[in-house]
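Tertiary structure, described
In case you want the letters, here they are:
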Amino acid sequence: MIKVLTLIACAESDQLFPMLDEAAALVPNATKAPLPSRKDGAGYDEAARIFCEFLDS
Amino acid sequence: MVPQGRSIVVVHDDLERYHDEQLKITMADGTGAMTDIRRGFADISEGQVRYRTAGEGDPPLVMFHMSPSSSQHLEPLIARLGNSRSVVAPDTLGNGHSCRPQPADPTLEYFAEAHLRALDALGIDRFDAYGAHTGAKIGLELAITHPDRVRKMILDAVSVRSSAAADELLAGIQPVEVDDDSTHLMKAWHMVRDSYLFFPWWKHTAEAKRDLGLPETQAPHQEVLEMLASIRTYHLSYRAAIIHPNQERLP
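Summarised in this report is the structure supplied together with it. Bear in mind that the values here come from a model prediction, so they are computed numbers and not experimental data.

1. Notes on the pattern of salt bridges
Overall, the coordinates contain 18 salt bridges over all chains when judged by the stated rule. Two residues, D156 of chain B and R38 of chain A, come together in a salt bridge whose shortest N-O distance is 2.8 Å. Placement of D156 of chain B in strand 7 (residues 150–156) and of R38 of chain A in the loop between strand 2 (31–35) and helix 2 (41–56) is noted, with the two residues assigned to different chains. Taking the relative accessible area as the measure of exposure, R38 of chain A reaches 16% and is therefore buried. In this structure, D56 of chain A and R85 of chain B form a salt bridge, with 2.9 Å as the shortest nitrogen-oxygen distance. With D56 of chain A in helix 2 and R85 of chain B in the loop between helix 2 (75–81) and strand 5 (87–90), the pair connects residues from two separate chains. For D56 of chain A, a relative accessible area of 55% gives the class exposed. Overall, R85 of chain B belongs to the buried group, its relative accessible area being 6%.

Rendered as structure tokens:
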């Protein structure tokens, strides 16, 4: 059982993106975050912003 | 800044300059500032664990990479996240420039515990965790077994794969032997380059095609350098992650 606050994320370009909902459902009270593709710097910027928002909340 | 433990050696060498060039490419069209990334080694009983680190703050964010890869793959995120916190990203044993695992057939639990021992060596007690793919399974295991040490956790692309897909992956993930004819160099290049185009990288079919496209050539070049350092052992953590029954570890 996971008791740690968890963010379940996945980039839309990732092969595991279709599993995002299923993975999030398996972790109690998880926050789900679909992320943009990280093909370029803007995608990394957005992922980092979402990760920081979760960690600092 | 990493808490100063008893086993820290920070390394700067010619390779670092290539890293910097690659990072500029990846950061080019983003808006975030770039944080300097340093590298070091932590001593554990098996040998040394290489890690990348950036930023300052407490608790640190510990980042676990995907397979086949090393903490090099996380540099674009490390550079951004290091703006607001301390980041530590170790190479999983058998990957990048970390030592090889001790057991012949190591489990995911072993790799997770080895990471924890490296963090102990660095003086890191409580931390936030980030993991991608194999790294997500490692983070998950640490959160389950050591909730007292993990404050928050980010699972980036965690697999809930079917056993049939796992069998297919296991068949293709094999060590690459170093040969006199140097074919291992080409195998490493194609493993890295083709992973941008197909999943898994050896399955060159329309069904396996990915939409990522190829990055600037410097990116796969840098990844190949890391891959060559661990080409005979990279498969051990990858296979352990695939076999690991993470669905059974979840409620």
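So that's the structure; there's more coming.
2. So, the interface of chain B and chain A
On the side of chain A, 37 residues touch chain B, which itself brings 39 residues to the contact. Of the roughly 3,300 Å² buried between chain B and chain A on both sides combined, carbon and sulfur atoms contribute 63%. There are 3 salt bridges connecting chain B and chain A. D45 of chain A is the salt-bridge partner of R80 of chain B, the closest N and O atoms lying 2.5 Å from each other. If you look at where chain B meets chain A, you find 14 residue pairs in polar contact (both at pLDDT 80 or more). Put simply, the parts of the chain that give the side of chain B that touches chain A at least two residues each are helix 2, strand 6 (127–132), helix 4 (134–145), strand 7 and helix 9 (246–249) of chain B.

What counts, and where the lines are drawn
- Residues numbered from 1 in each chain as written.
- Chains lettered and ligands numbered in written order.
- Predicted model: local features only at pLDDT ≥ 70, side-chain atom pairs only at ≥ 80, totals over all residues.
- Heavy atoms only, no water.
- Salt bridge = Lys/Arg side-chain N within 4 Å of Asp/Glu carboxyl O.
- Helix = DSSP H or I, 4+ residues; strand = E, 2+ residues; numbered from the N terminus.
- Buried < 20%, exposed > 50% of the residue type's maximum accessible area, 1.4 Å probe, protein only.
- Contact = heavy atoms within 4.5 Å.
- Buried area = accessible area lost by both parts, 1.4 Å probe.
- Polar contact = N/O pair within 3.5 Å; in protein donor to acceptor, adjacent residues only side chain to side chain.

Everything listed here is a matter of coordinates, which is why it stays silent on function.
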